[in-house]
Amino acid sequence: MTKFGIQVSMGQYKRAKKYALKLIEGSLVEHYGRLWSYGHEILRTNPGSTVKLDVETSPDGKKYFSKFYVCFQGVKQGWMEGCRRIIGIDGYFLKGVCKGELLCAVGRDANDKIYPIAWVVVCVENKKNWKWFLELLIEDLHLNLGNGFSLMSDQHKGLIEAVKELLPYLEHRQYARHICQNLQKRFSGAIYHTLFWRASKATTENDFKGVMKEIETLNPNAHQYLMDKDPKTWCRAFFQPGRCCDAVENGFSESFNVMIVDARKNPIITMFEEIRLYMMDRLYNLRLVQVDTTQNDFQATHNDSESSSPGGCAQYLQVTPPRSYEDEDFVGEDVEVENVAGGQGEANGVVEDGQGQANGVVEDGQGQANGVFEDGQGIVNVVVEETVEVPNVKVQQVRPISDILKRIRRRKS
């Protein structure tokens, strides 16, 4: 401001910014007052979505905001049809004037990328709010009692109790990183960090027991601390199969937290809109990438097929089908290759201990003649261009195996 010769204090800066934001985004009271309209607009433009607004009534009769849940129809349908059977749940503090927490459920798609499913704003993180969130999530994703699904969280006490009540058969995993940090706070030394990660990423129970034995030899108290944390919730060797995910830390929820860190500074409706736009843009871009990849694969396959087509009429051909011979060890019939425009000719010759077959195909096709003899086989491929007739092929006669064996015996004798 010195360029214009104006002296402005820090307080004037803050008041001007607050006034400008109020003109652009509206006041906080207006935002919470418009949540009903915002929810109805989501349901109108996204049929099948789930939007829930919960309020608390004070003794004086006034209603105050309590919880607001959003789960879009396209998002939950995409998770049920093409994502892995694991969900990461975490809570993030709001950074605006009105404090609270944003609880999010984040999944993993088939490419192992983050896939946000649902989010809810609550006043505080406790068992009541976690239970309310899980009930809506179970209904939207058809989790039933949790059979075949896994949940990864920071093991909040309220969340643990709610999961045990609503999803008794769900596999509930812990963040291995949180356990490791608490372990290092209690027991100093880099060796604990190394041994813990070896134990958590062990793929068999014997490997896990071997590492835990090393920790017990080093410090029995550290061993007991880790066993009290229930290794079935943080060791890869004990994870249930069928989830297509062996992660021991909730990196996908942390990645989503980084994406919305600026959105959490805004008023509630602005924050929800930024999350919605992020999801819409992300899903659209992923679909474009998938379409481009499919087209590129198809083009590459088409080019390869064109480049592999013959340049002339018929390339080098050597057909060795079985012929008719009269021998004490070999009795068979003549087999000929027949080429028919737009069709296929086939003739079969039955020999001792085998069968001879010859096929011929023209017009974008392939001709193949196979002869199966005693202890041997002859194969030849014929490739021709479109509307090009295969020239007459001179069939070579093949000596029977018995004659060849007789020659070998004579030379040895």
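All of these numbers come straight from a predicted model, not from anything done at the bench. (Residues numbered from 1 in each chain as written. Predicted model: local features only at pLDDT ≥ 70, side-chain atom pairs only at ≥ 80, totals over all residues. Heavy atoms only, no water.)

### Considering the packing of aromatic side chains
Part 1: For the coordinates displayed, the defined rule picks out 16 aromatic pairs.
Part 2: A ring pair is formed by Phe68 and Phe272, whose centres lie 5.1 Å apart and whose planes are at 55°; its orientation type is tilted. With a gap of 204 residues between them, Phe68 in strand E2 (residues 63-71) and Phe272 in helix H12 (residues 268-307) connect regions that are remote in the sequence. Each member of the pair Phe68 and Phe272 is classed as buried.
Part 3: Through pairs of rings, three or more aromatic residues link up here, namely Phe196, Trp197, Phe208, Trp234 and Phe238.
Part 4: Across from the ring centre of Trp79, 4.4 Å away, lies the NZ or CZ of Arg85, which sits over that ring.
Part 5: Its end group placed over the ring of Phe239, Arg173 keeps NZ or CZ at 3.9 Å from the ring centre. (Phe/Tyr/Trp six-rings, centres within 6.5 Å; stacked < 30°, edge-to-face > 60°. Helix = DSSP H or I, 4+ residues; strand = E, 2+ residues; numbered from the N terminus. Buried < 20%, exposed > 50% of the residue type's maximum accessible area, 1.4 Å probe, protein only. Lys NZ or Arg CZ within 6 Å of the ring centre and 35° of its normal.)

### Some details on a nonpolar patch on the surface
Part 1: Nonpolar side chains collect at one region of the surface, where Phe4, Ile6, Val8, Met10 and Tyr13 lie side by side and expose about 510 Å² of accessible area between them.
Part 2: Turning to its location among the elements, Phe4 is positioned in the segment before helix H1 (10-25).
Part 3: Phe4 gets classed as exposed once you look at its relative accessible area, which sits at 60%. (Patch = residues over 30% accessible without salt bridge, like charges linked within 9 Å, V, L, I, M, F, W, Y side chains within 5 Å. Areas by Shrake-Rupley, 256 points an atom, 1.4 Å probe, with all protein chains shown as cover. Salt bridge = Lys/Arg side-chain N within 4 Å of Asp/Glu carboxyl O.)

### Observations concerning the nonpolar core
Part 1: Ile89 and Leu102 are the most contacted members of the largest nonpolar core, which has 59 residues in total.
Part 2: Membership of the second largest hydrophobic core comes to 22 residues, among which are Ile179, Trp197, Ile215 and Cys235. (Core = buried A, V, L, I, M, F, W, Y, C linked by side-chain atoms within 4.5 Å.)

### Digging into the pairing of strand E5 (residues 114-122)
Part 1: Of all nine residues making up E5, nine are buried, and the element is well covered by its neighbours.
Part 2: Direction of pairing for E2 relative to E5: antiparallel, over a ladder of four bridges. When the bridges of E5 are listed, Tyr69 appears paired with Val120.
Part 3: In the sheet, strand E4 (residues 101-109) pairs with E5 via eight bridges, with the strands oriented antiparallel. What sits directly across from Ala105, in E5, is Ala118.
Part 4: The turn linking E4 back onto E5 is made up of four residues, and Asp112 within it adopts a positive phi angle of 65°. (Pairing = 2+ DSSP bridges.)

### Here's the deal with the side chain of Asp90
Part 1: Take Asp90: it is sitting in strand E3 (residues 83-93).
Part 2: Although Asp90 is buried, it forms no salt bridge, and the closest oppositely charged side chain is Arg264 at an N-O distance of 9.6 Å.
Part 3: Setting aside chain neighbours within four positions, we find Asp90 in contact with Leu102, Leu103, Cys104, Trp130, Asp154, Tyr175, Ser253 and Glu254. (Lys, Arg positive; Asp, Glu negative; His and termini not counted. Contact = heavy atoms within 4.5 Å.)

### Observations concerning the confidence of the model for the chain
Part 1: Averaged over every residue, the pLDDT of the chain is 76; residues scoring 70 or more account for 71%.
Part 2: Note on residues 305-391: pLDDT is under 50 here. Beyond four places in sequence and across chains, it has 160 contacts. (pLDDT = per-residue confidence, 0-100.)

### Examining the sheet that holds E2
Part 1: Taken together, the seven strands give an open sheet; going across it, the order is E1-E2-E5-E4-E3-E6-E7, and neighbouring strands pair in mixed fashion. If you trace the sheet from one side to the other, it starts and ends with strand E1 (50-57) and strand E7 (171-174), each paired once. For this sheet, the mean angle separating the axes of adjacent strands, direction not counted, is 20°.
Part 2: Both E3 and strand E6 (residues 150-153) contribute to a ladder of three bridges, which runs parallel. Directly across from Ile87, in E6, lies its bridge partner Leu151.
Part 3: Each of E1, E2, E3, E4 and E5 is contacted by helix H4 (residues 73-82), which is oriented at about 135° to E3, the strand it contacts most. (Axes fitted to C-alpha atoms, helices over the stretch in contact; angles between N-to-C directions.)

### Considerations on the environment of Asp60
Part 1: Relative to the elements of secondary structure, Asp60 occurs in the loop between E1 and E2.
Part 2: Here Lys62 takes part through its backbone nitrogen, which lies 3.2 Å from a polar atom of the side chain of Asp60. (Polar contact = N/O pair within 3.5 Å; in protein donor to acceptor, adjacent residues only side chain to side chain.)

### Structural notes on helix H10 (residues 220-228)
Part 1: By the burial criterion, the buried members of H10 are Ala222, His223, Tyr225 and Leu226. Buried residues of H10, seen end-on, are gathered within an arc of 160° and therefore sit on one face of the element. Turned more than 90 degrees off the buried face of H10, the exposed positions are Pro220, Asn221 and Asp228.
Part 2: Sitting at the amino-terminal end of H10 is Asn219, which places a side-chain oxygen 3.0 Å from the backbone nitrogen of Asn221.
Part 3: Where H10 ends, the next residue or the one after it, Asp230, has phi of about 65°, a positive value. (Arc of directions from axis to C-beta.)

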